[in-house]
Amino acid sequence: MSSANSPELCFNNFINNSILEKIIDCKNVFISTYRPNIKQLDIDELKCYIECLIIIEVLTEKGSNHHEFWSSEYGIISAKESISCNRFEKICQCLRFDK
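Residues numbered from 1 in each chain as written. Predicted model: local features only at pLDDT ≥ 70, side-chain atom pairs only at ≥ 80, totals over all residues. Heavy atoms only, no water.

A.B. asks: Explain a nonpolar patch on the surface to me, using residue names and the numbers behind them.
C.D. replies: Taken together, Leu53, Ile54, Val58 and Leu59 make up a surface patch of nonpolar side chains, about 380 Å² in accessible area. Among the structural elements, Val58 can be located in helix α3 (residues 43-59). (Patch = residues over 30% accessible without salt bridge, like charges linked within 9 Å, V, L, I, M, F, W, Y side chains within 5 Å. Areas by Shrake-Rupley, 256 points an atom, 1.4 Å probe, with all protein chains shown as cover. Salt bridge = Lys/Arg side-chain N within 4 Å of Asp/Glu carboxyl O. Helix = DSSP H or I, 4+ residues; strand = E, 2+ residues; numbered from the N terminus.)

Structure follows, in structure tokens:
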């Protein structure tokens with residue numbers, strides 16, 4: 001395990017692309033089978049999704065509405081630019097860890 005000089009390097013020490021690819025494969029099999037109208041997931045989008053999950057957990061209180069994360073008044077710019085609230089919710093609905 002290498003030293004981590006940034007949050008991304010720290011994350012990559014624990015969750016590498018091989019693990020992310022397995023998650024994507026499981027999710028995309030589920031989408032193809034049960035929700036074919038939903039866009040397939042790629043590795044960059046999965047990383048954005050995980051980033052949003054972490055930031056939401058760190059910055060919000062228990063029971064808070066995650067929609068505030070994308071609101072024009074309280075939202076975080078990087079989240080709004082990287083993934084829409086609707087897409088975030090679609091990924092939540094379809095995320096799988098088995099095929």
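Having put the structure on the table, let's press on.
A.B. asks: Help me get a handle on the packing of aromatic side chains, residues and values and all.
C.D. replies: On inspection of all chains with the given rule, the structure shows 4 aromatic pairs. Ring centres of Phe30 and Tyr34 lie 5.1 Å apart, and the angle between their planes is 40°; this geometry places the pair in the tilted category. Here Phe30 and its partner Tyr34 are both found in helix α2 (residues 17-34), 4 residues apart, which amounts to about one turn of the helix. With relative accessibility at 17%, the residue Phe30 sits in the buried group. A ring pair is formed by Trp70 and Phe88, whose centres lie 5.0 Å apart and whose planes are at 50°; its orientation type is tilted. With Trp70 in the loop between α3 and α4 (77-82) and Phe88 in helix α5 (residues 85-94), this residue pair connects regions lying 18 residues apart in the sequence. Phe88 matches Trp70 in its accessibility class, with the two residues each being buried. (Phe/Tyr/Trp six-rings, centres within 6.5 Å; stacked < 30°, edge-to-face > 60°. Buried < 20%, exposed > 50% of the residue type's maximum accessible area, 1.4 Å probe, protein only.)

A.B. asks: Explain the side chain of Glu45 to me, using residue names and the numbers behind them.
C.D. replies: Secondary-structure assignment places Glu45 in helix α3. Overall, Glu45 belongs to the buried group, its relative accessible area being 12%. Sequence-distant contacts of Glu45, that is, excluding residues within four places in its chain, are made with Lys39, Gln40, Ile83, Arg87 and Ile91. (Contact = heavy atoms within 4.5 Å.)

A.B. asks: Explain the packing of α2 against α5 to me, using residue names and the numbers behind them.
C.D. replies: The geometry of a pair of packed helices is captured by two quantities: the angle between their axes and the separation between those axes. Where α2 meets α5, the axes come as close as 10 Å, and the angle between the chain directions of the two elements is 90°. If you check the angle between α2 and α5, you find them roughly perpendicular. For the pair α2 and α5, the contacting residues are Lys27, Phe30 and Ile31 in the first and Ile91, Gln93 and Cys94 in the second. Looking at side-chain class alone, the contact of α2 with α5 contains 4 nonpolar, 1 polar and 1 charged residues. (Axes fitted to C-alpha atoms, helices over the stretch in contact; angles between N-to-C directions. Parallel < 35°, antiparallel > 145°, perpendicular 65-115°, else oblique. Nonpolar A, V, L, I, M, F, W, Y, C, P; charged D, E, K, R; others polar.)

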